[in-house]
Amino acid sequence: MNDRQLKELILAAKGKLPFDIYFYNARIVDVYRERVIDSGSVGIKNGIIAAVCPDFEPRATEFIDCRGMYLAPSFIDAHMHIESSKLTPFAYCEGAVPHGMGCVFFDPMQMSNTLGLKGIKAICEMLGEMPIESFLQLSSQYLSTLKTQDDIIDVIKECRAKTVGEISGAVIGNEEIIKLLGAAKRAGVKVNGHCPSMGFRDVQQAACAGLCDDHECESISDLEQRLACGMAVLVREGTIEPNCRTLCEGIVKNHIPTDDIMFCTDDKSAEDIKENGCIDNALRIAVKSGISPVTAIKMATLNVARHYGVDGIIGSVAPSRKANFLLMDSLENVTVKKVYHQGRLVAENGEFLFRHEFDITCYPELKNTVILPRGLDSHSFEIKAGFERGYVTANAIEMPEGGIVTRLVKGRLEVSNGIVCGDTKADILPIFVVERFGRSGEIGSGFIKDLGIKRGAVAASFAQESNNVVVSGVDPADMLCAVKAVEANGGGAAMAIDGKVAGLYSLPVAGILSGENIAGEIKAQKAFREALVLTGGNIQRMTAVLTVSLCQTIPEVGLTEKGLFDVTQQRYIPTFTGGEEFEE
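Notes on the structure follow. Sequence order as written defines residue numbering, which begins from 1 separately in each chain. Only residues with pLDDT of 70 or above have their local features reported here, since the model is predicted, and side-chain atom pairs are shown and tallied only from 80 upward, although totals for entire chains, interfaces and linings are computed over all residues. The basis for the side-chain values is all heavy atoms of the structure; hydrogens and waters are excluded.

Here we take up the pairing of strand β19 (residues 407–416). Here, a strand pair is defined by DSSP locating no fewer than two bridges between the strands. Starting at the N terminus, helices and strands are each numbered in turn, a helix being any DSSP run of H or I of at least four residues and a strand any DSSP run of E of at least two. Direction of pairing for strand β18 (residues 390–398) relative to β19: antiparallel, over a ladder of 9 bridges. Within β19, the position partnered with Y391 by the bridge is E414. With 2 bridges joining them, β19 and strand β20 (residues 419–420) adopt antiparallel strand pairing. The partner of S416 across the bridge, within β20, is I419. Between β19 and β20, which pair antiparallel and follow one another directly, the connecting turn spans 2 residues, one of which, N417, has a positive phi of 55°.

What follows is the structure in C-alpha cells.
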C-alpha cells in the first residue's frame, strides 16, 4: 500500500471518501470476540477493509446485499504441500478457492528436492499470480544441503520465506540440523516441526530446539504434550492422514483451550479437494465433534495468522486487513457460497471465476527432469544373495491399513540362482528406489510387505521426500519396463504386465505435477487406479508407497537410493541377514 492508498483508506474509514464496495445485511463472524454480529456491514477501499459496521451513512461505488449470509474471514491452511495434489498452483486454486481457501502456508518440499532454488521460485511465481495469499515454508531438506549458515540465511531472505519447513524431531541433534536451526534463529524466522510417534522427552527436546509447532499428532495425548511444551498444534485433515475427528473430540472432552490450535491439510489429493474441500472439511468435522462453529472458524483464521505473525493483514474481518472473506449460508455445514480476494469476487457456488491456463513452455526448467542411470536392465531389479541357493531373513517394510507409518518386519525368503526371490503367498516383494536426476545413478533395494501385487510391476517418480523413481513388482523385466515408461513420459507413474505398459499416468511438470486442470487430473488419476486393479494389489497401499511411506522422516523404516533406512535408529540397515546356503 502506497501513501496515497493509505490516505484514501483512512479517509474512507472516517466517511470522508466513498468506499469502493460496501457489503451490507451480513452476519459477520467476529473471531476476536467469538460472536456473530447481526445486520453487519463492511466497507472496502483499495482491496482493504476500511470500516466494519460504520456509524455513518455509507457512500460507495458499489453496494452488495449479503442477504443475511455469514461473512467470515477466508480460511488459512497452516501447513501444506501443493505437490501432493499433483496439481500446479493454478489448478490447485481452481479446486481450493471455491471451498473458501484464502491463504496457504506452503512447503514446496518435493519441488525443492527436485529442482532446488529454481523449482522453489517457479512455484512461488505461479502462486503469486493467483487470487490467494501464500507464505513460503522453505524446505528444511533443501536448506540442509547448503554449506554455511550464511548461505542458508541468504536463501531464506532471497525467497522471503516465512518459516523453515518441517524439521524432523528425530534428527535435531544432527550437526547439519543444528546449523540450520542456528541460521533460522539468525534470520528471525520460525521453524515448523515434524514429530511423529515421539514421547514426551523427545517433544521437550524438539521444543528446546525451537520447533514452534507440529502437525503429526494422532492422539489427544500427542496434542496435549505439544501444547504443554509451548508448541502450537496443527490439526491435520489430509487425504492419507485424517486426524481431525479424533483430536477435536478430545479437545472437547478434555476442555482444552484452542488458542494455539489450528488446522492444516498437509497432503491432499486433487479428488479429495474437489469432492470434500480443504480447511472447510476440517471445520465441518470440528463442529460435528462439538467445537462451536465460531471457535472453529477462529482456529482456521485468526489463530493461524497470529501464530505466523500476519494477523495485521489477514485472519479477521477488521479494519486495515485485506478484504479476503467469504459468504456462507450455514456455519454448521460450512457451505461456502462466495469467496472474495481483496474485495473482488473470485469464486461463486463452487466455480472458480479466475481464468488461467498453465503453459509449461513458460517454465522450461520444469521439463524433462527424469534422467535414469545408464545401463539399466532387468538385472538392475534383482537382489543378489551372494550364494546360489538357500534362504535369507529379509528386513521388510510392512505397510499399514490406512495411514503412512510403516513397520520393520522379518520374512524368510528363498534364494534361487543367486537371487533373493519375492514371495507372493507371504506378500513380500522386492522394491527399489532409482536415483532419477542424472547424478549418482544409485539404486537402493529392499522388500515390501502387503502391497498385494500378483502380476506385473508399478513405478512412479513422485515419492516424497526425494522424488526418485520407486518401483515394485513380481517380475524384474516388468519393473524395467515400468521405470523406462516413467522416464519416457517425463515423469508420473506406469504399470507394466508381461513386458508391456498396461497403465500410464503423466506428470510432465518436474516429474511430480500434472499440467491439467483439476478435472483433467482427477480423470487421469482414476484411470490409472483402474489400471492398477490388473496387478491384483492393494491400491490404497500402493498409493501410499508411491507417494509418502518410504520417507526417511516417517517411522519406522524407509527406503532411499542408498538403501533401507531405520528411521528410529537413524541409520542404514542391510536388506537381509542370516543367509542359509545349501547345495544341490
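Having seen it, we continue.
Moving on to the sheet that holds strand β13 (residues 261–264). Spatial strand order, β6-β7-β8-β9-β10-β11-β12-β13: 8 strands in an open sheet with parallel pairing. Of all the strands in the sheet, the pair left with one neighbour each is β6 (75–80) and β13. When the angles between neighbouring strand axes are averaged without regard to direction, this sheet yields 30°. Relative to β13, strand β12 (residues 232–236) runs parallel, the two sharing 4 bridges. The partner of V233 across the bridge, within β13, is I261. Whenever a helix is involved, its axis is fitted only over the stretch in contact; in every case the axis is a line through C-alpha atoms, and angles between N-to-C directions fall within 0 to 180 degrees.

Below, the discussion takes up the layout of surface pockets. As defined here, a cavity is a set of points on a 1 Å grid over the protein atoms alone where a 1.4 Å probe fits but cannot get out. A pocket is an open set with protein on both sides within 12 Å along at least five of seven lines, and residues line them when an atom is within 4 Å of a point. Grid points are joined across faces, edges and corners, and a volume is the space filled by probe spheres set on the points. Of the pockets and cavities examined, the second largest pocket occupies roughly 420 Å³. As for the second largest pocket, its lining consists of 19 residues, of which C124, G128, S134, C159 and R160 are closest to the centre. For the lining of the second largest pocket, the secondary structure elements donating two or more residues are α3 (109–128), β8 (133–138) and α5 (149–159). Per-element tally for the lining of the second largest pocket: the top contributor is α3, with 6 residues.

We now examine the sheet that holds strand β28 (residues 563–566). Overall, antiparallel pairing links the 3 strands, which are arranged β27-β28-β29 in an open sheet. Two strands in the sheet have a free side with no partner beyond their single neighbour: β27 (557–560) and β29 (571–573). Sheet twist, expressed as the mean angle between neighbouring strand axes with direction ignored, is 40°. As paired strands, β27 and β28 are joined by 4 bridges and run antiparallel to one another. Paired with T560 across the strands is G563, a residue of β28.

Note on definitions: salt bridges are taken to be side-chain nitrogens of Lys or Arg within 4 Å of carboxyl oxygens of Asp or Glu. Evaluated as defined, the whole model comprises 27 salt bridges. We note a salt bridge from D38 to R27, for which the minimum N-O separation is 3.2 Å. Placement of the pair is D38 in strand β2 (residues 35–45) and R27 in strand β1 (residues 19–30), with a sequence separation of 11 residues. For D38, a relative accessible area of 48% corresponds to the partly exposed category. One salt bridge connects E398 with R407, and the closest N-O pair in it is separated by 2.6 Å. The exposure class assigned to E398 is buried, which follows from its relative accessible area of 16%. A simple rule labels every residue: compare its accessible area, found with a 1.4 Å probe on the protein chains alone, to the largest value its type can have, and call it buried under 20%, exposed over 50%, or partly exposed in between.

Turning our attention to the packing of aromatic side chains. The pairing test for Phe, Tyr and Trp rings, Trp by its six-membered ring, is centres within 6.5 Å, and the orientation test on the planes gives stacked under 30 degrees, edge-to-face over 60, and tilted for anything in between. Scanning all chains against the criterion turns up 15 aromatic pairs. Here F90 and F358 contribute two aromatic rings whose centre-to-centre distance is 5.9 Å and whose plane-to-plane angle is 40°, an arrangement assigned as tilted. Here F358 lies in the loop between β17 (351–352) and β18 and F90 lies in helix α2 (residues 89–96), a separation of 268 residues in the sequence. Of the residues examined, F90 reaches a relative accessible area of 5% and is grouped as buried. When its relative accessible area of 16% is taken as the criterion, F358 is described as buried. Looking at R412, its charged tip hangs above the ring of Y391, at a distance of 4.0 Å from the centre. Cation placement over rings: the criterion is NZ of Lys or CZ of Arg within 6 Å of the ring centroid and within 35° of the ring normal.

Another aspect to go through is the side chain of D272. If you trace the backbone, D272 turns up in helix α10 (residues 270–276). Here D272 falls in the buried class, since its relative accessible area comes to 11%. We call two residues in contact when some of their heavy atoms are within 4.5 Å. When residues no more than four places from it in sequence are discounted, the contact partners of D272 are G238, T239 and G277.

Moving on: the packing of helix α9 (residues 244–253) against helix α11 (residues 279–288). For any two helices packed against each other, one specifies the inter-axial angle together with the distance between the axes. Here α9 crosses α11 at 40°, and the two axes come no closer than 9 Å. As the angle between them shows, α9 and α11 are arranged oblique. The crossing of α9 and α11 is right-handed. From α9, C244, R245 and C248 reach across to α11, where they touch A282, I285 and A286. Classes in brief: Ala, Val, Leu, Ile, Met, Phe, Trp, Tyr, Cys and Pro nonpolar; Asp, Glu, Lys and Arg charged; the others, Gly included, polar. Looking at the contact of α9 with α11, its residues break down into 5 nonpolar, no polar and 1 charged. The scheme is simple: roughly parallel for angles under 35 degrees, roughly antiparallel for over 145, roughly perpendicular for 65 to 115, oblique for anything else. Crossings are sorted by hand: turned counterclockwise from the far helix by less than a right angle, the near helix makes the crossing left-handed, and turned clockwise it makes it right-handed.

This part is about unusual backbone geometry. One non-glycine residue, E34, lies in the positive phi region at around 50°. Positionally, E34 belongs in the loop between β1 and β2. Taking the relative accessible area as the measure of exposure, E34 reaches 33% and is therefore partly exposed.

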